[in-house]
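Commentary on secondary and tertiary structure
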Amino acid sequence: MSKRDFYEVLGVSRDASERDIKKAYKRLAMKYHPDKNPGDESATDKFKEVKLAYEILTDDQKRAAYDQYGHAAFEQGGMGGGGFGGGSADFSDIFGDVFGDIFGGGRRGGGAQRAQRGADLRYNMELSLEEAVRGITREIDVPTYVSCDPCGGSGAKAGSSPQTCGTCHGQGQVQMRQGFFAVQQTCPTCHGRGKIIKDPCDSCHGQGRVQKTKTLSVKIPAGVDTGDRIRLTGEGEAGEFGAPAGDLYVQVHVRDHHIFTRDANNLYCEVPVSFTMAALGGEVEVPTLDGRVSLKVPSETQTGRMFRMRGKGVQSVRGGGVGDLICKLVVETPVNLSSKQKELLKEFEESLGGSAAKKHKPKSEGFFDGVKKFFDDLTS
Ligand SMILES: [Zn+2]
Ligand SMILES: [Zn+2]
């Protein structure tokens, strides 16, 4: 392992706070984590380097020693002759923080044993708005690993069983000295498993699991929305050698609806009305997810006015109340008019003219006054 300056490794200044160090560590640990860089040796080395720098700089005593003596502080005999083994106690906690968001928080622990638990899986499910609001049970096919039947997941041929590894005595890790440091390494004999299979199962070739597409019936609760995630514990990939399975996450995506837009528990829709109805008032049919309802349009309704229909929205999947349906009335300009209709409209418009015009046009007056003021201000 290289002996780069620990502050340099983490990219922080020498007077960095513990919080800054933690932050830098999280970022770099994410970047170089072996799970994210499979087969990349240099990433693994960087990960170890970052981890070591973090461990030393977040321990007040070790940091002080490092500040004073540099790497020499940790030579044998320097700090009580110990050197630093891997797997510090707080490592897994940090890990949970860093990877919780990505893997759903189910993963804990560090080192080679991590690989044994089956991977978490994600299934993207598209739903219509109606399905999301009412809930649905749907069958899905998931290509995954399942535990091998003939060997019961052990990987050893029926009648035999895996044996404890003699090199690491079942620990999966061995301690190696590398210069100043005692480093915990994955056991080269059993590759971290702690067990050796002398007589592998024919069906899974000693892996304890086989590839299979399984069909699952997934119950989507009513009220889910895009971004919601349903966790099916233990339905991810089976672990190797009988280790626990990962989880399956069903990621919900709700398709756009041709009428409704959803925002949290409220639904929005636009309802066109003729300008005659907007002026005189009347009733218009409004769609809801439960069918049509009638909405009373008051006379002299302006375009864009919103009407709230209580309880016609969505019942949240997280409990609490039901949202509302909010209808926006949009006054429709008539098109494809006959010459007769055009005449009538002209006649109508003329009837609004003269000194009384303003009282029929509630918005115009304020608007044109505003426009005039705007240009006056510009030229003055
Ligand atoms: Zn071993
Ligand atoms: Zn098997």
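Residues numbered from 1 in each chain as written. Chains lettered and ligands numbered in written order. Predicted model: local features only at pLDDT ≥ 70, side-chain atom pairs only at ≥ 80, totals over all residues. Heavy atoms only, no water.

An unreviewed UniProt entry annotates the protein chain as Chaperone protein DnaJ of Enterovibrio norvegicus. What UniProt states about the protein chain under its Subunit (unreviewed entry) heading is, verbatim, "Homodimer." The UniProt entry for the protein chain carries the following text under Subcellular location (unreviewed entry): "Cytoplasm". (UniProt positions renumbered as here; feature names shortened; annotations may be inferred.)

Once that is clear, we can look at the coordination of the zinc ion (ligand 2). Protein-derived ligands of the zinc ion (ligand 2) are Cys-148 (SG), Cys-151 (SG), Cys-201 (SG) and Cys-204 (SG), with the metal-ligand distances lying across 2.3 Å. Geometry at the zinc ion (ligand 2) is tetrahedral, judged from the four donor atoms that bind it and their angles of 104 to 117° at the metal. (Donors = N, O, S within 2.8 Å, 3.2 Å for Na, K, Ca; no water. Tetrahedral: all angles 85-135°; square planar, octahedral: opposite > 155°, others 65-115°.)

Right, let's talk about the coordination of the zinc ion (ligand 1) for a bit. For the zinc ion (ligand 1), every protein donor is listed as Cys-165 (SG), Cys-168 (SG), Cys-187 (SG) and Cys-190 (SG), and the spread of their distances is 2.2 to 2.3 Å. Considering all four donor atoms around the zinc ion (ligand 1), angles at the metal cover 103 to 114° and the coordination shape is tetrahedral. One chain supplies every donor for the zinc ion (ligand 1), spaced along it as C-x2-C-x18-C-x2-C. According to the relative accessible area criterion, Cys-187 is buried, its value standing at 1%. (Buried < 20%, exposed > 50% of the residue type's maximum accessible area, 1.4 Å probe, protein only.)

Let us now look at the side chain of Asp-120. Along the polypeptide, Asp-120 turns up in the loop between helix H5 (91-103) and strand E1 (121-127). Asp-120 sits in the buried class, given a relative accessible area of 16%. Within polar-contact distance, the side chain of Asp-120 engages the side chain of Arg-117 at 3.3 Å. A polar side-chain atom of Asp-120 sits 2.7 Å from the main-chain amide nitrogen of Asp-247. (Helix = DSSP H or I, 4+ residues; strand = E, 2+ residues; numbered from the N terminus. Polar contact = N/O pair within 3.5 Å; in protein donor to acceptor, adjacent residues only side chain to side chain.)

Let us now look at the UniProt feature "repeat: CXXCXGXG motif" (unreviewed entry) in the protein chain. The positions that UniProt labels "repeat: CXXCXGXG motif" (unreviewed entry) are, in the present scheme, residues 148-155, 165-172, 187-194 and 201-208. From the first C-alpha to the last, residues 148-155 spans 8 Å; its make-up is 0% helix and 0% strand. Segment residues 201-208 splits into 0% helix and 0% strand. End C-alpha atoms: 8 Å apart.

Side chains on a regular strand alternate between the two faces of the sheet. Examined bridge by bridge, strand E11 (residues 266-274) and strand E15 (residues 325-332) share eight bridges and lie parallel to one another. Following the sheet pairing, Leu-267 is matched in E15 by Leu-325. Two elements, strand E14 (residues 306-309) and E15, share four bridges in a ladder whose sense is antiparallel. Counted as the bridge partner of Phe-307 is Cys-327 from E15. (Pairing = 2+ DSSP bridges.)

This next bit is on a nonpolar patch on the surface. A cluster of nonpolar side chains, namely Phe-275, Leu-345 and Phe-348, defines an oily patch on the protein surface of about 240 Å² accessible area. On the secondary structure map, Leu-345 appears in helix H8 (residues 339-351). (Patch = residues over 30% accessible without salt bridge, like charges linked within 9 Å, V, L, I, M, F, W, Y side chains within 5 Å. Areas by Shrake-Rupley, 256 points an atom, 1.4 Å probe, with all protein chains shown as cover. Salt bridge = Lys/Arg side-chain N within 4 Å of Asp/Glu carboxyl O.)

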